Amino acid sequence: MIEKVEDSQITERKIKSYKHFMKPELWSEIQMLAVKLKGKKIIHVNTTSHRGGGGVAEILHSLVPLMQDAGLEVEWWKIRPGHDFFEVTKNIHNTLQGDKVDLTPAEKKLYLAESKKLARDFEALSADTWIIHDPQPLLLPHFAKNIQPAILRLHIDLSKPNQKTWKFLQPFLDEYKRIIFSRHEYVFPGFSSKKAEVFSPAIDPLTAKNEPMKKEAARMILENLGMNPEKLIVAQVSRFDVWKDPLGVIRAYYLAKKEIPNLQLVLVGLTLAADDPEAREVYEKVKKYARGDADIFAFYNPRELQYDNNTLINAVQTGSDVIIQKSLKEGFGLTVTEAMWKKKAVIGGNVGGIKLQIRNGFNGYLVDSEEECAERIVKILKDKKLASLLGKRAKESVQEHFLAPRLLRDYLKLIAETISARKV
Ligand code: UDP
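Rules used throughout
- Residues numbered from 1 in each chain as written.
- Predicted model: local features only at pLDDT ≥ 70, side-chain atom pairs only at ≥ 80, totals over all residues.
- Heavy atoms only, no water.
- 1 Å grid on protein atoms, 1.4 Å probe; cavity = no way out; pocket = protein on both sides within 12 Å on 5 of 7 lines; lining within 4 Å.
- Points joined across faces, edges and corners; volume = space filled by probe spheres on them.
- Helix = DSSP H or I, 4+ residues; strand = E, 2+ residues; numbered from the N terminus.
- Nonpolar A, V, L, I, M, F, W, Y, C, P; charged D, E, K, R; others polar.
- Buried < 20%, exposed > 50% of the residue type's maximum accessible area, 1.4 Å probe, protein only.
- Pairing = 2+ DSSP bridges.
- Axes fitted to C-alpha atoms, helices over the stretch in contact; angles between N-to-C directions.
- Salt bridge = Lys/Arg side-chain N within 4 Å of Asp/Glu carboxyl O.
- Arc of directions from axis to C-beta.
- Contact = heavy atoms within 4.5 Å.
- Polar contact = N/O pair within 3.5 Å; in protein donor to acceptor, adjacent residues only side chain to side chain.
- Parallel < 35°, antiparallel > 145°, perpendicular 65-115°, else oblique.
- Left-handed = near helix turned anticlockwise from the far one by under 90°.
- Core = buried A, V, L, I, M, F, W, Y, C linked by side-chain atoms within 4.5 Å.

Visitor: Would you mind showing me how to read empty space enclosed by the protein here?
Guide: Empty space among the atoms becomes apparent when a probe as large as a water molecule is rolled across them. Taken as a whole, this structure holds 3 cavities of 30 Å³ or more when the rule is applied. Considering only enclosed or pocket space, the largest cavity measures out at about 830 Å³ in volume. As for the largest cavity, its lining consists of 46 residues, of which Gly53, Gly54, Gly55, Val56 and Arg239 are closest to the centre. Among the elements that line the lining of the largest cavity, the one with the most residues is helix α2 (residues 55–69), at 5 residues. A breakdown of the residues in the lining of the largest cavity according to their chemical character gives 13 nonpolar, 20 polar and 13 charged. Space inside the second largest cavity adds up to approximately 100 Å³. If you tally residues by element for the lining of the second largest cavity, the top one is α2, at 5 residues. Looking at the lining of the second largest cavity residue by residue, the class counts come to 7 nonpolar, 3 polar and 3 charged.

Visitor: Sorry if this is basic, but what is going on with unusual backbone geometry here?
Guide: Note on backbone geometry: most residues besides glycine have negative phi, and most peptide bonds are trans. For the peptide bond that leads from glutamine 148 to proline 149, omega is -10°, which places it in the cis range. Structurally, the position occupied by proline 149 is in the loop between α5 (140–143) and β5 (150–153). One non-glycine residue, aspartate 245, adopts positive backbone phi at about 50°. By the secondary structure assignment, aspartate 245 is in the loop between β8 (232–237) and α8 (246–259). The buried category is assigned to aspartate 245, whose relative accessible area is 10%. Phi at lysine 343 takes a positive value of approximately 60°, unusual for a residue other than glycine. Tracing the sequence through the fold places lysine 343 in the loop between α11 (334–341) and β12 (346–349).

Visitor: What should I look at first to understand the sheet that holds β12 in this one?
Guide: Strands in a sheet are paired, the pairing made by backbone hydrogen bonds, and the direction either parallel or antiparallel. Spatially, β10-β9-β8-β11-β12-β13 is the arrangement adopted by the 6 strands of the open sheet, whose pairing is parallel. On the outer flanks of this sheet lie β10 (296–299) and β13 (365–367), each paired with one strand and no other. Averaged over all pairs of adjacent strands, the angle between strand axes in this sheet comes to 20°, irrespective of strand direction. Where strand β9 (residues 263–268) meets β10, 4 bridges bridge the pair, whose relative direction is parallel. Looking at the pairing, leucine 267 lines up with alanine 298 of β10.

Visitor: Any chance you could explain the pattern of salt bridges here in plain terms?
Guide: A side chain of one charge can pair with a side chain of the opposite charge when the charged atoms of the two come close. A complete count under the given rule lists 32 salt bridges for this structure. Ionic pairing is found between lysine 164 and aspartate 102, a salt bridge with its closest N-O pair at 3.1 Å. Residue lysine 164 is located in helix α6 (residues 163–173), and its partner aspartate 102 is located in the loop between α3 (85–96) and α4 (105–122); the two are separated by 62 residues in the primary sequence. Take lysine 164: its relative accessible area is 57%, and that puts it in the exposed class. Residue class for aspartate 102 comes out partly exposed when judged on its relative accessible area of 33%. When the shortest N-O distance is used, the salt bridge between glutamate 330 and lysine 244 registers 2.9 Å. Here glutamate 330 is found in the loop between β11 (322–325) and α11, whereas its partner lysine 244 is found in the loop between β8 and α8, with 86 residues between them in sequence.

Visitor: Even after reading the chapter, I still don't get α6, so can you show me in this structure?
Guide: Side chains that are three or four residues apart share a direction in an α-helix, a result of its 3.6 residues per turn. Among all positions of α6, only Thr165, Trp166, Phe168, Leu169, Phe172 and Leu173 are buried. Mapping the buried residues of α6 onto a view down its axis gives an arc of 165°, with all of them on the same face. Of the residues in α6, the exposed ones pointing more than 90 degrees away from the buried face are Gln163, Lys164 and Lys167. In the core, the buried residues of α6 are packed alongside α3, α4, α5, β5 and β6 (178–181). Capping the start of α6 is the job of one residue whose side-chain oxygen sits 2.8 Å from the backbone nitrogen of lysine 164: asparagine 162.

Visitor: Quick question: what am I supposed to make of the side chain of glutamate 330 here?
Guide: With a relative accessible area of 7%, glutamate 330 lands in the buried category. Among the polar contacts made by the side chain of glutamate 330, one reaches the side chain of serine 327 at a distance of 2.7 Å. When residues no more than four places from it in sequence are discounted, the contact partners of glutamate 330 are Asp157, Tyr186, Lys244, Gln325, Val351, Gly352, Gly353 and Ile354.

Visitor: Help me understand the packing of helix α7 (residues 215–224) against helix α10 (residues 309–319) in this model?
Guide: Helix-helix packing: each pair is described by the crossing angle between the helix axes and the interaxial distance. Between α7 and α10, the least distance of the axes is 8 Å, while the angle of their chain directions is 115°. Viewed along their axes, α7 and α10 adopt a mutual orientation that is roughly perpendicular. With respect to the hand of their crossing, α7 and α10 are arranged in left-handed fashion. Residues Lys215, Ala218, Arg219, Ile221 and Leu222 of α7 lie in contact with α10, whose contacting residues are Thr311, Ala315, Val316, Thr318 and Gly319. Its residues placed into classes, the contact of α7 with α10 shows 5 nonpolar, 3 polar and 2 charged.

Visitor: How should the environment of serine 327 be read in this particular structure?
Guide: Looking at the secondary structure, you find serine 327 in the loop between β11 and α11. Every residue in contact with serine 327, bar those within four places of it in the chain, is listed here: Trp243, Lys244, Gly349, Val351 and Ile354.

Visitor: Honestly, the nonpolar core in this entry has me stumped. Any pointers?
Guide: Met67, Val266, Phe299 and Leu412 are the most contacted members of the largest nonpolar core, which has 74 residues in total. It is helix α15 (residues 404–423) that provides the largest number of residues to this core, a total of 9 residues. If we skip the residues at most four places from it in the chain, valine 266 touches Met227, Ile233, Val234, Ala235, Gln236, Phe297, Phe299 and Val316. Counting residues in hydrophobic clusters, the runner-up holds 41 residues, among them Val88, Leu103, Tyr111 and Phe122.

Here you go:
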(Lines give C-alpha, C1' and ligand atoms only; values in the text may rest on other atoms or scores of the structure.)
Protein backbone atom coordinates (compact mmCIF):
# COMPACT_ATOMS: atom_id res chain seq x y z
CA MET A 1 0.00 0.00 0.00
CA ILE A 2 0.99 3.59 -0.49
CA GLU A 3 -0.40 6.72 1.10
CA LYS A 4 -0.32 10.35 0.10
CA VAL A 5 0.69 12.89 2.72
CA GLU A 6 -2.12 15.38 2.19
CA ASP A 7 -1.34 19.07 1.98
CA SER A 8 -3.56 19.55 5.04
CA GLN A 9 -1.01 17.53 7.04
CA ILE A 10 1.82 19.83 6.00
CA THR A 11 2.23 23.35 7.36
CA GLU A 12 2.28 25.93 4.58
CA ARG A 13 5.57 27.83 4.14
CA LYS A 14 6.45 30.97 2.20
CA ILE A 15 9.93 31.47 0.81
CA LYS A 16 9.70 35.17 1.52
CA SER A 17 9.47 34.49 5.26
CA TYR A 18 13.03 33.17 5.01
CA LYS A 19 14.44 36.16 3.15
CA HIS A 20 16.30 37.51 6.17
CA PHE A 21 18.18 34.21 6.51
CA MET A 22 19.48 34.41 2.94
CA LYS A 23 22.23 36.26 1.18
CA PRO A 24 20.86 38.27 -1.78
CA GLU A 25 22.53 35.87 -4.28
CA LEU A 26 20.75 32.88 -2.80
CA TRP A 27 17.44 34.70 -2.88
CA SER A 28 17.89 35.61 -6.58
CA GLU A 29 19.02 32.12 -7.50
CA ILE A 30 15.87 30.62 -5.96
CA GLN A 31 13.68 33.15 -7.77
CA MET A 32 15.30 32.29 -11.12
CA LEU A 33 14.98 28.56 -10.60
CA ALA A 34 11.35 29.01 -9.56
CA VAL A 35 10.56 30.73 -12.85
CA LYS A 36 12.27 27.96 -14.78
CA LEU A 37 10.48 25.16 -12.94
CA LYS A 38 7.01 26.68 -12.62
CA GLY A 39 4.31 24.01 -12.86
CA LYS A 40 6.69 21.05 -12.95
CA LYS A 41 5.48 18.07 -11.02
CA ILE A 42 7.71 16.47 -8.39
CA ILE A 43 6.95 13.40 -6.30
CA HIS A 44 8.87 12.63 -3.11
CA VAL A 45 8.69 9.09 -1.75
CA ASN A 46 9.76 7.97 1.72
CA THR A 47 8.47 5.89 4.62
CA THR A 48 7.04 8.23 7.22
CA SER A 49 5.75 11.74 7.72
CA HIS A 50 5.74 11.38 11.48
CA ARG A 51 7.80 14.02 13.25
CA GLY A 52 10.29 12.19 15.39
CA GLY A 53 10.44 9.51 12.73
CA GLY A 54 13.90 10.73 11.85
CA GLY A 55 15.58 13.30 9.68
CA VAL A 56 13.89 12.56 6.35
CA ALA A 57 10.37 13.35 7.60
CA GLU A 58 11.73 16.43 9.31
CA ILE A 59 13.28 17.70 6.08
CA LEU A 60 10.26 16.92 3.89
CA HIS A 61 7.94 18.84 6.20
CA SER A 62 9.84 21.98 5.15
CA LEU A 63 11.08 21.13 1.70
CA VAL A 64 7.72 20.07 0.25
CA PRO A 65 5.83 23.29 1.14
CA LEU A 66 8.81 25.45 0.13
CA MET A 67 8.96 23.76 -3.27
CA GLN A 68 5.22 24.29 -3.60
CA ASP A 69 5.64 27.95 -2.79
CA ALA A 70 8.30 28.11 -5.51
CA GLY A 71 5.52 27.23 -7.96
CA LEU A 72 6.11 23.50 -8.44
CA GLU A 73 3.39 20.93 -8.09
CA VAL A 74 4.72 18.69 -5.34
CA GLU A 75 3.33 15.49 -3.89
CA TRP A 76 4.68 13.48 -0.97
CA TRP A 77 3.92 9.78 -0.84
CA LYS A 78 4.72 7.23 1.87
CA ILE A 79 5.06 3.52 1.33
CA ARG A 80 3.10 1.18 3.55
CA PRO A 81 4.63 -2.21 2.91
CA GLY A 82 3.62 -5.55 4.32
CA HIS A 83 4.83 -7.24 7.45
CA ASP A 84 8.60 -7.67 7.96
CA PHE A 85 9.59 -5.28 5.16
CA PHE A 86 10.99 -2.69 7.56
CA GLU A 87 12.90 -5.40 9.44
CA VAL A 88 14.71 -6.11 6.20
CA THR A 89 15.24 -2.48 5.20
CA LYS A 90 16.58 -1.73 8.67
CA ASN A 91 19.15 -4.47 8.05
CA ILE A 92 19.96 -2.93 4.68
CA HIS A 93 20.38 0.42 6.40
CA ASN A 94 22.61 -1.14 9.05
CA THR A 95 24.79 -2.96 6.54
CA LEU A 96 25.16 0.22 4.47
CA GLN A 97 26.40 1.86 7.64
CA GLY A 98 28.98 -0.90 7.98
CA ASP A 99 27.34 -3.85 9.77
CA LYS A 100 29.21 -7.01 8.89
CA VAL A 101 26.12 -9.23 8.90
CA ASP A 102 25.07 -10.09 5.36
CA LEU A 103 21.55 -10.02 4.00
CA THR A 104 20.06 -13.48 3.73
CA PRO A 105 18.55 -14.73 0.46
CA ALA A 106 15.13 -14.69 2.15
CA GLU A 107 15.56 -11.05 3.11
CA LYS A 108 16.51 -10.08 -0.42
CA LYS A 109 13.55 -12.01 -1.76
CA LEU A 110 11.13 -10.23 0.56
CA TYR A 111 12.61 -6.83 -0.28
CA LEU A 112 12.23 -7.49 -4.01
CA ALA A 113 8.74 -8.95 -3.76
CA GLU A 114 7.37 -6.19 -1.53
CA SER A 115 8.98 -3.46 -3.64
CA LYS A 116 7.35 -4.94 -6.72
CA LYS A 117 3.95 -4.82 -5.03
CA LEU A 118 4.49 -1.23 -3.89
CA ALA A 119 5.63 -0.21 -7.37
CA ARG A 120 2.32 -1.40 -8.78
CA ASP A 121 0.51 1.12 -6.55
CA PHE A 122 2.56 3.91 -8.09
CA GLU A 123 1.84 2.95 -11.69
CA ALA A 124 -0.97 5.45 -12.19
CA LEU A 125 1.17 8.40 -11.06
CA SER A 126 3.49 10.48 -13.15
CA ALA A 127 5.93 13.31 -12.48
CA ASP A 128 8.63 15.39 -14.14
CA THR A 129 11.05 14.20 -11.47
CA TRP A 130 10.79 11.61 -8.70
CA ILE A 131 12.83 11.92 -5.55
CA ILE A 132 13.25 8.68 -3.68
CA HIS A 133 14.57 8.86 -0.13
CA ASP A 134 16.77 6.13 1.37
CA PRO A 135 16.84 2.37 0.80
CA GLN A 136 13.25 1.49 1.68
CA PRO A 137 11.69 2.71 -1.61
CA LEU A 138 14.94 2.33 -3.56
CA LEU A 139 13.75 -0.45 -5.85
CA LEU A 140 10.61 1.33 -7.04
CA PRO A 141 12.05 2.73 -10.31
CA HIS A 142 13.16 -0.77 -11.21
CA PHE A 143 9.65 -2.17 -10.91
CA ALA A 144 7.62 0.81 -12.18
CA LYS A 145 8.90 2.24 -15.44
CA ASN A 146 6.85 5.43 -14.96
CA ILE A 147 9.10 6.32 -11.99
CA GLN A 148 11.57 8.25 -14.14
CA PRO A 149 13.53 10.43 -14.17
CA ALA A 150 14.38 9.42 -10.63
CA ILE A 151 16.82 10.90 -8.15
CA LEU A 152 17.87 8.91 -5.11
CA ARG A 153 18.63 10.75 -1.89
CA LEU A 154 20.71 8.68 0.53
CA HIS A 155 20.70 10.13 4.02
CA ILE A 156 22.82 7.49 5.69
CA ASP A 157 26.47 7.28 6.70
CA LEU A 158 28.17 5.54 3.78
CA SER A 159 31.78 5.87 4.97
CA LYS A 160 32.30 2.11 5.08
CA PRO A 161 29.38 0.24 3.57
CA ASN A 162 29.18 -3.50 3.55
CA GLN A 163 30.43 -4.35 0.07
CA LYS A 164 28.02 -7.24 -0.45
CA THR A 165 25.02 -5.00 0.11
CA TRP A 166 26.47 -2.43 -2.30
CA LYS A 167 26.91 -5.11 -4.95
CA PHE A 168 23.38 -6.29 -4.45
CA LEU A 169 22.03 -2.75 -4.83
CA GLN A 170 24.32 -1.70 -7.68
CA PRO A 171 22.05 -2.59 -10.64
CA PHE A 172 19.17 -0.74 -8.99
CA LEU A 173 21.32 2.31 -8.28
CA ASP A 174 22.27 2.38 -11.96
CA GLU A 175 18.65 3.07 -12.85
CA TYR A 176 18.76 6.47 -11.15
CA LYS A 177 19.63 9.63 -13.05
CA ARG A 178 21.37 11.12 -10.03
CA ILE A 179 22.19 10.11 -6.47
CA ILE A 180 22.54 12.68 -3.71
CA PHE A 181 25.04 12.04 -0.92
CA SER A 182 25.64 14.19 2.17
CA ARG A 183 29.47 14.05 1.98
CA HIS A 184 32.05 13.52 -0.77
CA GLU A 185 33.45 10.63 1.28
CA TYR A 186 30.17 8.75 0.85
CA VAL A 187 30.38 8.55 -2.94
CA PHE A 188 31.41 4.97 -3.46
CA PRO A 189 34.54 4.25 -5.47
CA GLY A 190 33.88 3.68 -9.14
CA PHE A 191 30.54 5.49 -9.05
CA SER A 192 30.07 7.81 -12.02
CA SER A 193 30.99 11.29 -10.89
CA LYS A 194 28.42 12.68 -13.33
CA LYS A 195 25.67 10.95 -11.40
CA ALA A 196 26.85 11.81 -7.91
CA GLU A 197 25.61 14.97 -6.33
CA VAL A 198 26.82 16.11 -2.92
CA PHE A 199 24.89 18.43 -0.68
CA SER A 200 23.99 18.26 2.96
CA PRO A 201 20.59 18.42 4.62
CA ALA A 202 19.47 21.51 6.50
CA ILE A 203 17.15 22.60 9.29
CA ASP A 204 14.16 24.87 9.12
CA PRO A 205 14.67 27.88 11.39
CA LEU A 206 10.95 28.64 11.33
CA THR A 207 9.54 25.41 12.76
CA ALA A 208 8.25 25.27 16.30
CA LYS A 209 11.23 23.05 17.05
CA ASN A 210 13.77 25.68 16.08
CA GLU A 211 12.12 28.99 16.82
CA PRO A 212 13.58 30.99 19.69
CA MET A 213 12.45 29.78 23.12
CA LYS A 214 13.47 31.49 26.35
CA LYS A 215 15.78 29.39 28.51
CA GLU A 216 13.49 29.92 31.53
CA ALA A 217 10.46 28.68 29.54
CA ALA A 218 12.46 25.66 28.43
CA ARG A 219 13.60 24.91 31.99
CA MET A 220 10.01 25.15 33.18
CA ILE A 221 8.96 22.51 30.68
CA LEU A 222 11.83 20.29 31.82
CA GLU A 223 10.80 20.85 35.44
CA ASN A 224 7.24 19.81 34.59
CA LEU A 225 8.72 16.62 33.19
CA GLY A 226 10.38 15.87 36.52
CA MET A 227 13.81 17.46 36.19
CA ASN A 228 15.35 19.66 38.83
CA PRO A 229 15.85 23.15 37.34
CA GLU A 230 18.60 23.87 39.87
CA LYS A 231 20.78 21.07 38.53
CA LEU A 232 22.83 20.96 35.33
CA ILE A 233 21.44 19.08 32.34
CA VAL A 234 23.14 17.20 29.50
CA ALA A 235 20.98 15.77 26.76
CA GLN A 236 20.92 13.67 23.63
CA VAL A 237 17.97 13.88 21.25
CA SER A 238 17.88 10.82 18.98
CA ARG A 239 15.87 7.84 17.95
CA PHE A 240 16.74 4.91 20.24
CA ASP A 241 19.17 3.27 17.88
CA VAL A 242 22.48 1.51 18.46
CA TRP A 243 24.28 3.84 16.01
CA LYS A 244 23.29 6.78 18.23
CA ASP A 245 25.06 5.01 21.12
CA PRO A 246 22.69 5.89 23.97
CA LEU A 247 24.47 3.46 26.31
CA GLY A 248 27.77 5.19 25.55
CA VAL A 249 26.09 8.49 26.42
CA ILE A 250 25.00 7.10 29.78
CA ARG A 251 28.51 5.83 30.50
CA ALA A 252 30.01 9.22 29.60
CA TYR A 253 27.44 10.87 31.87
CA TYR A 254 28.35 8.55 34.77
CA LEU A 255 32.02 9.44 34.30
CA ALA A 256 31.30 13.18 34.16
CA LYS A 257 29.07 12.90 37.19
CA LYS A 258 32.02 11.78 39.30
CA GLU A 259 33.36 15.32 38.91
CA ILE A 260 30.05 17.13 38.70
CA PRO A 261 27.57 15.34 40.98
CA ASN A 262 25.00 17.98 40.26
CA LEU A 263 24.22 16.48 36.86
CA GLN A 264 21.11 15.18 35.10
CA LEU A 265 20.86 13.38 31.78
CA VAL A 266 17.96 13.49 29.31
CA LEU A 267 17.57 11.10 26.40
CA VAL A 268 14.69 11.81 24.03
CA GLY A 269 13.64 9.51 21.23
CA LEU A 270 9.89 9.69 20.83
CA THR A 271 8.85 6.76 18.75
CA LEU A 272 5.87 6.00 16.60
CA ALA A 273 7.82 5.13 13.52
CA ALA A 274 6.87 1.74 12.23
CA ASP A 275 9.97 1.73 10.03
CA ASP A 276 12.20 1.49 13.10
CA PRO A 277 11.45 -1.87 14.70
CA GLU A 278 14.61 -1.86 16.84
CA ALA A 279 13.82 1.28 18.83
CA ARG A 280 11.80 -0.43 21.57
CA GLU A 281 14.55 -2.95 22.23
CA VAL A 282 17.20 -0.23 22.53
CA TYR A 283 14.95 1.84 24.77
CA GLU A 284 14.42 -1.12 27.12
CA LYS A 285 18.19 -1.54 27.36
CA VAL A 286 18.60 2.14 28.14
CA LYS A 287 16.01 1.94 30.91
CA LYS A 288 17.72 -1.07 32.41
CA TYR A 289 21.09 0.57 32.18
CA ALA A 290 19.88 3.78 33.78
CA ARG A 291 18.10 2.07 36.65
CA GLY A 292 19.21 3.32 40.03
CA ASP A 293 19.99 6.84 38.93
CA ALA A 294 17.03 9.13 39.47
CA ASP A 295 18.78 11.87 37.50
CA ILE A 296 18.43 10.05 34.18
CA PHE A 297 15.29 10.77 32.14
CA ALA A 298 14.45 8.83 29.01
CA PHE A 299 11.42 9.78 26.91
CA TYR A 300 10.13 7.27 24.42
CA ASN A 301 6.35 7.24 24.23
CA PRO A 302 4.85 10.51 22.92
CA ARG A 303 1.41 9.50 24.22
CA GLU A 304 2.67 9.65 27.79
CA LEU A 305 3.80 13.26 27.53
CA GLN A 306 1.88 16.48 28.00
CA TYR A 307 3.96 18.26 25.32
CA ASP A 308 4.02 17.81 21.57
CA ASN A 309 7.20 16.61 19.91
CA ASN A 310 8.45 19.98 18.67
CA THR A 311 7.89 21.77 21.96
CA LEU A 312 9.67 19.02 23.84
CA ILE A 313 12.67 18.93 21.49
CA ASN A 314 12.98 22.70 21.51
CA ALA A 315 12.81 22.74 25.31
CA VAL A 316 15.44 20.03 25.68
CA GLN A 317 17.81 21.59 23.15
CA THR A 318 17.31 25.08 24.60
CA GLY A 319 17.17 24.20 28.28
CA SER A 320 20.16 21.84 28.46
CA ASP A 321 23.63 23.01 29.39
CA VAL A 322 25.38 20.66 26.97
CA ILE A 323 24.06 18.69 24.00
CA ILE A 324 25.60 15.38 23.07
CA GLN A 325 25.30 13.47 19.81
CA LYS A 326 27.59 10.57 20.46
CA SER A 327 26.79 8.68 17.27
CA LEU A 328 28.99 5.86 16.04
CA LYS A 329 27.72 6.44 12.50
CA GLU A 330 25.76 9.48 11.35
CA GLY A 331 24.63 10.36 7.83
CA PHE A 332 24.36 14.03 8.73
CA GLY A 333 22.83 14.59 12.16
CA LEU A 334 20.09 17.22 12.10
CA THR A 335 19.98 17.10 15.89
CA VAL A 336 23.50 18.51 15.91
CA THR A 337 22.45 21.35 13.59
CA GLU A 338 19.34 22.07 15.66
CA ALA A 339 21.31 22.35 18.89
CA MET A 340 24.07 24.44 17.24
CA TRP A 341 21.39 26.78 15.91
CA LYS A 342 20.32 27.27 19.54
CA LYS A 343 23.88 28.35 20.38
CA LYS A 344 24.66 25.17 22.28
CA ALA A 345 28.10 23.73 22.75
CA VAL A 346 27.63 20.33 21.11
CA ILE A 347 29.79 17.26 21.73
CA GLY A 348 29.50 14.97 18.74
CA GLY A 349 30.90 11.61 17.78
CA ASN A 350 33.85 12.04 15.40
CA VAL A 351 31.98 10.42 12.51
CA GLY A 352 30.12 10.99 9.25
CA GLY A 353 28.05 14.11 8.89
CA ILE A 354 28.88 15.36 12.38
CA LYS A 355 32.38 16.06 11.07
CA LEU A 356 30.83 18.29 8.41
CA GLN A 357 29.26 20.42 11.10
CA ILE A 358 31.63 20.54 14.05
CA ARG A 359 35.17 21.82 13.80
CA ASN A 360 36.76 20.36 16.88
CA GLY A 361 37.48 23.01 19.51
CA PHE A 362 36.12 25.81 17.32
CA ASN A 363 32.33 25.48 17.31
CA GLY A 364 31.94 22.33 19.42
CA TYR A 365 33.84 19.13 20.15
CA LEU A 366 34.33 15.87 18.31
CA VAL A 367 35.01 12.83 20.47
CA ASP A 368 36.20 9.29 19.86
CA SER A 369 35.44 7.71 23.22
CA GLU A 370 33.22 7.84 26.27
CA GLU A 371 36.14 9.12 28.34
CA GLU A 372 36.77 11.96 25.94
CA CYS A 373 33.06 12.74 25.87
CA ALA A 374 32.98 12.91 29.69
CA GLU A 375 36.05 15.14 29.72
CA ARG A 376 34.41 17.56 27.30
CA ILE A 377 31.17 17.61 29.28
CA VAL A 378 33.09 18.61 32.39
CA LYS A 379 35.16 21.20 30.53
CA ILE A 380 32.12 22.91 29.03
CA LEU A 381 30.13 22.84 32.25
CA LYS A 382 33.00 24.35 34.22
CA ASP A 383 33.73 27.11 31.72
CA LYS A 384 30.66 29.17 30.88
CA LYS A 385 32.67 31.58 28.70
CA LEU A 386 33.97 28.72 26.58
CA ALA A 387 30.45 27.29 26.27
CA SER A 388 29.10 30.58 25.05
CA LEU A 389 31.95 31.13 22.55
CA LEU A 390 31.50 27.66 21.07
CA GLY A 391 27.73 28.23 20.94
CA LYS A 392 28.06 31.57 19.21
CA ARG A 393 30.32 30.12 16.52
CA ALA A 394 28.03 27.10 16.21
CA LYS A 395 25.06 29.30 15.35
CA GLU A 396 27.10 31.25 12.81
CA SER A 397 28.15 28.12 10.96
CA VAL A 398 24.56 26.85 10.76
CA GLN A 399 23.46 30.23 9.42
CA GLU A 400 26.16 30.01 6.76
CA HIS A 401 25.69 26.41 5.60
CA PHE A 402 22.77 24.48 7.00
CA LEU A 403 19.48 26.36 6.67
CA ALA A 404 16.46 25.31 4.57
CA PRO A 405 16.74 27.94 1.77
CA ARG A 406 20.15 26.59 0.71
CA LEU A 407 18.72 23.09 0.60
CA LEU A 408 15.75 24.30 -1.45
CA ARG A 409 18.16 25.90 -3.95
CA ASP A 410 20.23 22.70 -4.21
CA TYR A 411 17.15 20.59 -4.94
CA LEU A 412 15.70 23.07 -7.46
CA LYS A 413 19.02 23.23 -9.28
CA LEU A 414 19.30 19.48 -9.48
CA ILE A 415 15.70 19.08 -10.64
CA ALA A 416 16.26 21.71 -13.35
CA GLU A 417 19.35 19.82 -14.54
CA THR A 418 17.55 16.49 -14.54
CA ILE A 419 14.62 17.85 -16.51
CA SER A 420 16.78 19.61 -19.10
CA ALA A 421 19.00 16.53 -19.52
CA ARG A 422 15.84 14.61 -20.37
CA LYS A 423 14.90 16.99 -23.15
CA VAL A 424 18.28 16.67 -24.87
N1 UDP B 1 13.52 13.99 16.49
C2 UDP B 1 12.30 14.39 16.99
N3 UDP B 1 11.86 13.78 18.12
C4 UDP B 1 12.57 12.84 18.77
C5 UDP B 1 13.82 12.44 18.25
C6 UDP B 1 14.26 13.05 17.09
O7 UDP B 1 11.64 15.27 16.43
O8 UDP B 1 12.12 12.36 19.81
C9 UDP B 1 13.97 14.67 15.28
C10 UDP B 1 15.22 15.49 15.51
O11 UDP B 1 14.88 16.72 16.12
C12 UDP B 1 15.77 15.61 14.09
C13 UDP B 1 15.37 14.27 13.48
O14 UDP B 1 14.32 13.73 14.28
O15 UDP B 1 15.12 16.65 13.40
C16 UDP B 1 16.53 13.29 13.48
O17 UDP B 1 17.37 13.56 12.43
P18 UDP B 1 18.90 13.14 12.44
O19 UDP B 1 19.46 13.57 11.13
O20 UDP B 1 19.58 13.70 13.64
O21 UDP B 1 18.92 11.57 12.61
P22 UDP B 1 18.12 10.35 11.92
O23 UDP B 1 17.04 10.01 12.87
O24 UDP B 1 17.62 10.82 10.60
O25 UDP B 1 19.14 9.27 11.84
